[in-house]
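These are the residues of each chain, in order.
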Amino acid sequence: MTEILLKNVFENLDEIKYSRQRCIRCNMCKFPPLARVEHKDHSIGCPSYEEFLFTANTGGGMVIMADSLNEGRSKISDEVKDIIFGCTLCGACDVSCKYGTDIEIFETQLLLRKKVFDEGKTYPNHKKILESIIDNNHPIITKVSKNNQALNVFSNNKADTLIWVGPNFSYEPRLAKWLDQIISLLKKAGKQFQILTNKEPYAGRAALEIGDQELFKNQAYKTVRAIDSSGAKEVVCLSAEDFSTLRSQIPKYKSINVPVKHITELYDELIKSKKIKLKRVPSLLNVAWHDPCYLGRLGGQFKHWQGVIKKSNGLPIYEPARPINYGTGGVFEPPRNILNKLLVEELKEFSRRNEYTFNAGETGQTVAIMPEFVYATAHRRLQEAEDLGIQTIVTECPLAYLSLQKAAKDFVDIKIISLTQVISQAIEDK
Ligand code: SF4
Ligand code: SF4
């Protein structure tokens, strides 16, 4: 019997059929694994299931839908499109399913979006985002500022560390002060770094999530070329979205030859090496870290694989062993290490955390087409915080921060702050 060579980089739904065929319709992708559920009130992991309450809007539903579309049993109607994009692409279903299987739900969801794009059914606001990537080198279709213009003065072109600023910190007016604080912290720590400013290409996440795979590949190649030409020995991403893209998506098409880190990891290193000295901050009480999806479960390092499925004692096994992304390869400990050094009390934890964190609506380009769903998702995260007595939510993903900020007006006792701001408050002057 001829064995079919399988792989883990996919161009169409047919190539990933082997993975989808393993779905046993158990519905567990709606929840964190039951062994990890801490309270009945926050026991759903899937934001779209919480919102729309249909199995179609879950990872398992998308797997079934993908087979139906792939085999020509259904077509992409407006309703089907709204289900495919009425999902924040947060990855919770993917890692929940992998607690007991090895099904690639996230990859299936990306290919469903590609199918919508290839059939010319992209939403008008998503088309604007794609046009902006091509015309402006960023995906922001709201008002922009130029936060990154002044950064050239700090850049040392020979520095080993390349700071990847990304479009949100570069152009989103509400993040200008946060960017200033990051740069100020790095300067105080004596950290030499380079920044590409206008030469930094957009890494392409929005194109990937909207389904324009060719545009994404194009941005991926530009990103790798820019990193290579910088001569840097490491890249430090300020945004969680870029961190995820550089670690888990771009390497599918082009390897990045230097380590990719997130700014929280650099802060942790600078604190451990005493370049940044922290004092405790008594005013920070009832604090919890919000694990951003892009930084955590969507931030694992991609590994290429090609192989076959063989039978051993009647059971199918992959040869060679197939790398499975369980969502544990991202950044979870560094921000917690830092917060534990500067709080006067124990760090609180959300019930849904680490690789089973609950999304704040920031992922998947959902906000451009379904802002009410994004608002409701962030609201649910804040409700979880309120129920657990959390009064300060710290995060370091600008998109999660903005999403939570917007929904926080109904929660007067909860504030959302960045880790950068917390460190800036706690830094000991030299
Ligand atoms: S996708 Fe996974 S968790 Fe969801 S129904 Fe299928 S096997 Fe179960
Ligand atoms: S990616 Fe997130 S929102 Fe989408 S179906 Fe999976 S868990 Fe639900």
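Preceding this paragraph is the structure being described.
Time to look at the layout of surface pockets. Of the volumes computed, that of the largest pocket is approximately 780 Å³. Lining of the largest pocket is provided by 31 residues; of these, Thr142, Glu172, Arg174, Val367 and Leu399 occupy positions nearest its centre. Of the residues contributing to the lining of the largest pocket, the split by class is 17 nonpolar, eight polar and six charged. Together, 25 residues line the second largest pocket, and Lys98, Gln301, Phe302, Ile324 and Asn325 are the ones closest to its centre. Residue composition of the lining of the second largest pocket, grouped by class: eight nonpolar, nine polar and eight charged.

The subject of this paragraph is the sheet that holds strand β3 (residues 194-195). Reading across the sheet, the four strands line up as β3-β2-β4-β5 and stay open at both edges, with parallel pairing between neighbours. Since the sheet does not close on itself, it has two edges, and those belong to β3 and β5 (260-262), each with one partner. Pairing of strand β2 (residues 161-164) with strand β4 (residues 234-237), which is carried by four bridges, proceeds in the parallel orientation. Note on β4: the bridge partner recorded for Trp164 is Cys237.

All right, on to the nonpolar core then. Grouped together as the largest cluster of nonpolar side chains are 100 residues, with contacts concentrated most on Ile163, Trp164, Leu246, Leu339, Leu342, Leu382 and Ile393. Those residues within four positions of Ile393 in sequence are excluded, and the remaining contacts are Ala288, His290, Phe350, Leu382, Ala385, Leu404, Ile414, Lys415, Ile416 and Ile417. One finds Phe10, Met62, Leu69 and Met370 within the second-largest nonpolar core, a separate group that totals 24 residues.

The subject of this paragraph is the environment of Arg353. Structurally, the position occupied by Arg353 is in the loop between α14 (333-342) and α15 (371-387). Take Arg353: its relative accessible area is 22%, and that puts it in the partly exposed class. Once the C-alpha coordinates of Arg353 and Asn8 are considered, the two residues, 345 residues apart in sequence, prove to be 27 Å apart. Ignoring any residue separated from it by four or fewer positions in sequence, one finds Arg353 in contact with Glu38, Asp291 and Arg336.

Further remarks concern the site of ligand 2. In the neighbourhood of ligand 2, 14 residues make up the surrounding shell, with Cys46, Ser48, Cys87, Cys90 and Cys93 lying closest. A breakdown of the residues in the shell around ligand 2 according to their chemical character gives seven nonpolar, seven polar and no charged.

Mapped onto the secondary structure, Asp160 falls in the loop between α7 (124-136) and β2. Overall, the relative accessible area of 38% leaves Asp160 in the partly exposed class. On a C-alpha basis, the gap between Asp160 and Glu107 in space is 34 Å, while along the polypeptide they are 53 residues apart.

With that settled, the discussion passes to the environment of Ala400. Along the chain, Ala400 turns up in helix α16 (residues 398-407). A relative accessible area of 0% places Ala400 in the buried class. Between the C-alpha atoms of Ala400 and Phe332, which are 68 residues apart in sequence, the distance is 16 Å. In contact with Ala400, other than residues within four places in its own chain, are His290, Ala360 and Glu362.

All right, on to the packing of aromatic side chains then. Throughout the structure, instances matching the rule amount to eight aromatic pairs. Between Phe52 and Phe373, the aromatic rings sit 5.1 Å apart at their centres with planes inclined by 55°, giving tilted as the arrangement. Separated by 321 residues along the polypeptide, Phe52 in helix α2 (residues 47-52) and Phe373 in helix α15 bring together distant segments of the chain. What makes Phe373 buried here is its relative accessible area of 2%. Ring centres of Phe169 and Trp178 lie 5.1 Å apart, and the angle between their planes is 90°; this geometry places the pair in the edge-to-face category. We note that Phe169, like Trp178, is buried. Through successive ring pairs, a cluster of aromatic residues spans Phe10, Tyr18, Trp305 and Tyr318. The aromatic ring of Tyr318 is capped on one face by Arg322, whose charged end is 4.7 Å from the ring centroid.

With that out of the way, let us pick up the side chain of Arg322. Residue position: Arg322 is located in the loop between β8 (315-319) and α14. Residue Arg322 is classed as buried on the basis of its relative accessible area, which comes to 7%. A distance of 2.7 Å separates a polar side-chain atom of Arg322 from the backbone oxygen of Asp102. In this structure the side chain of Arg322 is engaged in a polar contact, spanning 2.9 Å, whose partner is the side chain of Glu104. In this structure, Arg322 is in contact with Tyr18, Asp102, Glu104 and Trp305, ignoring residues within four places of it in sequence.

All right, on to the packing of α15 against α16 then. Contact pair α15 / α16: the axes reach a minimum separation of 8 Å and the direction vectors enclose 80°. Considering their axes alone, α15 and α16 lie roughly perpendicular with respect to each other. Along its contact with α15, which presents Val374, Tyr375, Ala378, His379, Arg381 and Leu382, the element α16 presents Ser403, Leu404, Lys406 and Ala407. Of the residues that constitute the contact of α15 with α16, the class distribution is six nonpolar, two polar and two charged.

Our focus in this paragraph is the sheet that holds strand β7 (residues 306-312). Adjacent strands of a sheet form backbone hydrogen bonds with each other and so pair up, either parallel or antiparallel. With respect to topology, three strands assemble into an open sheet ordered β1-β7-β8, the strand pairing being antiparallel. Two strands close off the open sheet at either side, each with one partner strand: β1 (6-7) and β8. Of the pairings in the sheet, the one linking β7 to β8 comprises five bridges and is antiparallel in character. Its bridge partner lying in β8, Val308 is registered against Glu319.

Basis of the calculations
- Residues numbered from 1 in each chain as written.
- Chains lettered and ligands numbered in written order.
- Predicted model: local features only at pLDDT ≥ 70, side-chain atom pairs only at ≥ 80, totals over all residues.
- Heavy atoms only, no water.
- 1 Å grid on protein atoms, 1.4 Å probe; cavity = no way out; pocket = protein on both sides within 12 Å on 5 of 7 lines; lining within 4 Å.
- Points joined across faces, edges and corners; volume = space filled by probe spheres on them.
- Nonpolar A, V, L, I, M, F, W, Y, C, P; charged D, E, K, R; others polar.
- Pairing = 2+ DSSP bridges.
- Helix = DSSP H or I, 4+ residues; strand = E, 2+ residues; numbered from the N terminus.
- Core = buried A, V, L, I, M, F, W, Y, C linked by side-chain atoms within 4.5 Å.
- Buried < 20%, exposed > 50% of the residue type's maximum accessible area, 1.4 Å probe, protein only.
- Contact = heavy atoms within 4.5 Å.
- Near = heavy atom within 4 Å.
- Phe/Tyr/Trp six-rings, centres within 6.5 Å; stacked < 30°, edge-to-face > 60°.
- Lys NZ or Arg CZ within 6 Å of the ring centre and 35° of its normal.
- Polar contact = N/O pair within 3.5 Å; in protein donor to acceptor, adjacent residues only side chain to side chain.
- Axes fitted to C-alpha atoms, helices over the stretch in contact; angles between N-to-C directions.
- Parallel < 35°, antiparallel > 145°, perpendicular 65-115°, else oblique.

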